[in-house]
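Each chain, letter by letter, is given below.
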Amino acid sequence: MMDGSLDAEKIAAYFKGKSILVTGATGFLGKILVEKILRVQPDVRKIYLLVRAIDADCAKQRVEAEVTDAELFCLLREKHVKGGFELFVDEKIVPLAGDVIFENMGLDAPMLEELAKEVDIIVNAAATTNFYERYDVALDVNVMGVKYLCQFAKNCANLKMLLHVSTAFAAGDREGLIMEKPFKKGETLKEGTYLDIDAELRLVGDVKKELLQDGAGSVDHDRTERKAMKELGLQRSRHFGWSNTYVFTKAMGEMLLSQLHGAIPVVILRPSIIASIFRDPLPGWMQGTRTIDTIIIGYAKQNLSCFLADLELTMDVIPGDMVANAMMAAMVAHSGEEGAEVMYHTTSSLRNPAPYGVLYESGRRHFYENPRLGKDGRVIPTKEMHFFKTIASFHLYMLVKYKLPLEILHLVNLLLCGLFSQLYEDLNRKYKFVVHLVDVYGPFAFFRGCFDDMNLERLRLTMAATSPEDDLFNFDPKTIDWNEYFYKIHIPGILKYVLK
């Protein structure tokens, strides 16, 4: 930890003249971080953005379309008027066509050599966040990507920090207080098991080889392999005690980083559910949907009559700008600490818990006061939503309301020689899909853990608050009034930026 206190001036000054490599910059958090650095420190040397693209021109086009053209960059555009924004971005941002799933990130030797000389900081925000991802894909991105970045980092002459973004839910479906504690090699969440990452990689290779042999020449091979890889991911996750492929492979990525980083200073940041921007640069801005937003989207569209949640349980959420602020403060605090490995939970459940009920009531209040209009201009009445507090109660509801009628339809279909075969197959497929979603996301909806954030609190305590500018890097969840945040910022943000 750096000596003395941190303030906005010190944090911004740290990035002056620095070159930063960022993976995952097209994602929600990556964009927020890039914008913040450019805004608070225009004298940053370079920000290299690694994006999937076939060549440099495509990488540049993708960065423009998916990063710098975003509404998020509104304050920077105002600051650099009359074409100055494009010139500023061209000077500071270097798009790189590559991918973390490849050794050397898929970059050629001259570019690797340049990066190794120039880069001061590496931020790994690349991830596949699909709970039901193919196991091979999740291992490539969330595990091997970490390995290849770590290998590259060891060749960087001036590297001062590697910051890796994980997820708080990598800790597993635990109850009680969950500490900011890195995983040990081979550690699992199920007693009597040992996690060998190399063995998991070999298993994937063996399964794919068997599938290829069994389905050689089959037109359905790709579909069969995709399904098999998805099911294998869930199977292996649950074998070791995790609920889904995403959190399982993120935990593996943490383990691998702990083993490989050596003398490189490492910060592992574990955010919980990252929600819309709280303050700057654009309150309410967000990208994509979170599990919790299903309630709001269902309300807005009036196509969701029930939802799986206990309104009394805490949903651990943290605004995206607070996560980016914590990232920048942590980079400064641990820069150059040889061999350091520090973990931070950027979470809210301990300091300022927000129950699901707060989100629900904020949604009800918003839509009753701001009713939606149909295509005919008439007000669409807002219906109440029913919540299931247990997975068992939801399954019972699905059985009575959908499964039994389906079985009756199946019987009628048999009696009428297949007259309703297509209808039955379509409805049955939809039913199975919903049941599958509950199986995958159910444990997440009823999460009962509470994330300790003592390490982050210590970092917060080093933050001086002597001037209004020091609030520029606020990451204290206690400063959030959740009722006001959801009602005035987050829900309008969903309607404006997600449900366009």
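What counts and how
Residues numbered from 1 in each chain as written. Predicted model: local features only at pLDDT ≥ 70, side-chain atom pairs only at ≥ 80, totals over all residues. Heavy atoms only, no water. Phe/Tyr/Trp six-rings, centres within 6.5 Å; stacked < 30°, edge-to-face > 60°. Buried < 20%, exposed > 50% of the residue type's maximum accessible area, 1.4 Å probe, protein only. Lys NZ or Arg CZ within 6 Å of the ring centre and 35° of its normal. Helix = DSSP H or I, 4+ residues; strand = E, 2+ residues; numbered from the N terminus. Expected span 1.5 Å × (residues − 1). Pairing = 2+ DSSP bridges. Contact = heavy atoms within 4.5 Å. Polar contact = N/O pair within 3.5 Å; in protein donor to acceptor, adjacent residues only side chain to side chain.

Structural notes on the packing of aromatic side chains
Counted by the stated rule, this structure contains 20 aromatic pairs. Relative to Phe15, the ring of Tyr14 has its centre 5.1 Å away and its plane inclined at 90 degrees; by these criteria the two rings are edge-to-face. According to the relative accessible area criterion, Phe15 is buried, its value standing at 0%. Linked through ring pairs, Tyr135, Phe183, Phe240, Trp242 and Phe248 together constitute an aromatic cluster. It is Lys18 that lies over the ring of Tyr14; its NZ or CZ is 4.2 Å from the centre. Sitting over the face of the ring of Tyr487, Arg365 holds its NZ or CZ atom 3.6 Å from the ring centroid.

Notes on helix α2 (residues 28-40)
Taking 1.5 Å per residue as the helical rise, α2 with its 13 residues ought to reach 18 Å, and the 19 Å between its terminal C-alpha atoms agrees with that figure. Of all the 13 residues making up α2, 13 are buried; the element is thus mostly covered by neighbouring parts of the structure.

Here we look at the pairing of strand β11 (residues 341-346)
Burial analysis of β11 places five of its six residues in the buried class, the great majority of the element. Where strand β7 (residues 266-271) meets β11, six bridges bridge the pair, whose relative direction is parallel. Its bridge partner lying in β11, Pro271 is registered against Thr346.

Some details on the environment of Lys208
Here Lys208 is to be found in helix α8 (residues 197-214). Lys208 gets classed as partly exposed once you look at its relative accessible area, which sits at 28%. Taking the C-alpha atoms as reference points, Lys208 and Glu225, separated by 17 residues in sequence, lie 7.0 Å from one another. When sequence neighbours within four positions are dropped, the list of residues in contact with Lys208 reads Arg134, Asp136, Glu225 and Met229. A distance of 3.0 Å separates a polar atom in the side chain of Lys208 from a polar atom in the side chain of Asp136.

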